[in-house]
Amino acid sequence: MTTDVDAKERTALVELEDVSKYYGNVRALEGVSLKVHEGEITCVLGDNGAGKSTLIKIIAGLHQHDAGTFSIEGEECRPSSPREALNRGIATVYQDLAVVPLMPVWRNFFLGSEPRKGVGPFKRMDVDHMRRTTHAELLRMGIDLRDVDQPIGTLSGGERQCVAIARAVYFGAKVLVLDEPTAALGVKQSGVVLKYVAAARDAGLGVVFITHNPHHAYLVGDRFILLKRGAMVGHHTREEISLEELTRQMAGGDELDDLRHELNNRAS
């Protein structure tokens, strides 16, 4: 974990400043700013419709922003595709993981980037290398998967998320964007995923953790961005906010207090 002084002295891996996105007359994002530093987890929290998905798409290169600036390692840019963003070190792991359930774990690990051996017409996939590498990289992240030949569909949701994280680390990601990785998981599997999110941070990556769960965010987060209806309503470091206050703001903050007061008045 780093201090604010350290963070200010370093160039952010990714920085968004006053970024806005519109779809016709609909405001999806307006004036959102965030910084992602090496070895830090920036959590973006918000309910459905808060703008989290739009923010992910801009960082991942799926959509381009309409206003503000987007910089990667200090250079202003506008990634025009996920491939361009990936080439610049930004890997995005979506909630609905892009895996082929019946294919083995090692095949999914290298899907689309399969190494080959041989020459000319004798060129073929280097299956042994892919098996060894998949097992070694998963083990390096703390995932002891004995049989990488098993179909990835037989793994739990948490394990599949962890394979995706390890894959991003192996292929040289500097920034890892995680789209609600614990949303559909139980308590135990969520804990497994959070452990590997922290492992990615400890490996030196900058992590953007998108979630609607303040408890999960507070377990691993260094910085917290709160979105509501496309606008940024809070920006805190871990030292500046407690879990209770983060939960209160996430639940509606002053609006929730007003509602409670109104309901109490009606009941009396």
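Residues numbered from 1 in each chain as written. Predicted model: local features only at pLDDT ≥ 70, side-chain atom pairs only at ≥ 80, totals over all residues. Heavy atoms only, no water.

Looking up the protein chain in an unreviewed UniProt entry gives the name ABC transporter ATP-binding protein, with the organism given as Streptomyces colonosanans.

Asker: Before we go on, may I ask you to explain the overall build of the protein chain in this structure?
Answerer: Within the protein chain, the regular secondary structure consists of 10 helices and 12 strands. Whereas a compact globule of 268 residues would reach a radius of gyration of roughly 18 Å, the protein chain reaches 20 Å, a difference of no more than 12%. C-alpha atoms of the protein chain, sized along the principal axes, occupy 80 × 40 × 40 Å. Of all intrachain contacts in the protein chain linking residues separated by at least 6 positions in sequence, the fraction that spans at least 24 positions is 66%. Only carbon and sulfur atoms are counted for the fraction: they give 50% of the accessible area of the protein chain, which is about 13,600 Å². (Helix = DSSP H or I, 4+ residues; strand = E, 2+ residues; numbered from the N terminus. Rg over C-alpha atoms; globule rule 2.2 N^0.38 Å. Contact = heavy atoms within 4.5 Å. Areas by Shrake-Rupley, 256 points an atom, 1.4 Å probe, with all protein chains shown as cover.)

Asker: Can you help me understand the state of the cysteines in this one?
Answerer: Working definition: the covalent bond between the sulfur atoms of two cysteines is a disulfide. Inspection of every chain in the model, using the stated rule, returns zero disulfides. In this structure Cys43 is a free cysteine whose sulfur lies 16 Å from that of Cys162, the closest cysteine sulfur available. Given a relative accessible area of 0%, Cys43 falls into the buried group. (Disulfide = S-S within 2.5 Å. Buried < 20%, exposed > 50% of the residue type's maximum accessible area, 1.4 Å probe, protein only.)

Asker: I tried to follow the packing of aromatic side chains on my own but got confused; where do I start?
Answerer: The full count for this structure, using the stated rule, is seven aromatic pairs. Note on Phe110 and Tyr170: the rings are 5.7 Å apart at their centroids and 75° apart in plane angle, and the pair reads as edge-to-face. A residue pair is termed long-range when its members are at least 10 positions apart, and Phe110 in the loop between helix H4 (105-109) and strand E7 (116-117) and Tyr170 in helix H6 (residues 157-170) qualify at 60 residues. When the centroid spacing of 5.7 Å and the interplanar angle of 15° are considered together, the rings of Tyr218 and Phe224 count as stacked. Judged by relative accessible area, which is 0%, Phe224 ranks as buried. When the ring centre of Tyr218 is taken as origin, the NZ or CZ atom of Arg238, which lies over that ring, is 4.3 Å away. (Phe/Tyr/Trp six-rings, centres within 6.5 Å; stacked < 30°, edge-to-face > 60°. Lys NZ or Arg CZ within 6 Å of the ring centre and 35° of its normal.)

Asker: Explanation requested: the side chain of Asp179 in the structure shown.
Answerer: Position of Asp179 among the secondary structure elements: in strand E9 (residues 175-179). It is Lys52 that comes nearest to the buried, bridge-free Asp179 among opposite-charge side chains, at 7.2 Å. (Lys, Arg positive; Asp, Glu negative; His and termini not counted. Salt bridge = Lys/Arg side-chain N within 4 Å of Asp/Glu carboxyl O.)

Asker: Quick question: what am I supposed to make of the pattern of salt bridges here?
Answerer: Where side chains of opposite charge bring their charged atoms close, a pairing between them can arise. Tallying each qualifying case throughout the model produces 15 salt bridges. The salt bridge involving Glu15 is made with Lys35; its shortest N-O contact spans 4.0 Å. Highlighted residues: Glu15 in strand E1 (residues 14-23) and Lys35 in strand E2 (residues 26-36), separated in sequence by 20 residues. Each member of the salt-bridge network shares a partner with another, and the members are Asp128, Arg131 and Asp149.

Asker: Could you clarify how one ought to interpret helix H2 (residues 52-60) in this entry?
Answerer: Structurally, the α-helix is built with 3.6 residues per turn, so residues lying three or four positions apart point the same way. Among the nine residues of H2, seven are classified as buried, and the element is accordingly described as predominantly covered. Among the residues making up H2, those that are buried are Lys52, Thr54, Leu55, Ile56, Ile58, Ile59 and Ala60. At the C-terminal side of H2, Gly61 shows a positive phi close to 90°.

Asker: So what exactly am I meant to see when it comes to the packing of helix H5 (residues 127-140) against H6 here?
Answerer: A pair of packed helices can be characterised by two numbers: the angle between their axes and the separation between those axes. It is at 10 Å that the axes of H5 and H6 come closest, and there the two elements cross at 105°. Taken together, the axes of H5 and H6 lie roughly perpendicular to each other. Residue-level inspection shows His129, Thr133, Glu137, Leu138 and Arg140 of H5 in contact with H6, the latter providing Val163, Ala166, Val169 and Tyr170. Split by residue class, the contact of H5 with H6 holds five nonpolar, two polar and two charged. (Axes fitted to C-alpha atoms, helices over the stretch in contact; angles between N-to-C directions. Parallel < 35°, antiparallel > 145°, perpendicular 65-115°, else oblique. Nonpolar A, V, L, I, M, F, W, Y, C, P; charged D, E, K, R; others polar.)

Asker: Where do I start with unusual backbone geometry in this structure?
Answerer: As a rule of thumb, non-glycine residues mostly have phi less than zero, and peptide bonds are mostly trans rather than cis. The backbone of Asp18 sits at a positive phi, close to 50°, despite the residue not being glycine. If you trace the backbone, Asp18 turns up in strand E1. For Asp18, a relative accessible area of 45% corresponds to the partly exposed category. One non-glycine residue with positive phi stands out, namely Glu180, at about 45°. Relative to the elements of secondary structure, Glu180 occurs in the loop between E9 and helix H7 (187-202).

Asker: Sorry if this is basic, but what is going on with the packing of H6 against H7 here?
Answerer: With their axes 8 Å apart at the nearest point, H6 and H7 run at an angle of 10° to one another. In terms of axis orientation, H6 runs roughly parallel to H7. Counted together, Gly158, Glu159, Gln161, Cys162 and Ile165 of H6 and Gln189, Val192, Val193, Tyr196, Val197 and Ala200 of H7 form the full contact between these two elements. Residue composition of the contact of H6 with H7, grouped by class: seven nonpolar, three polar and one charged.

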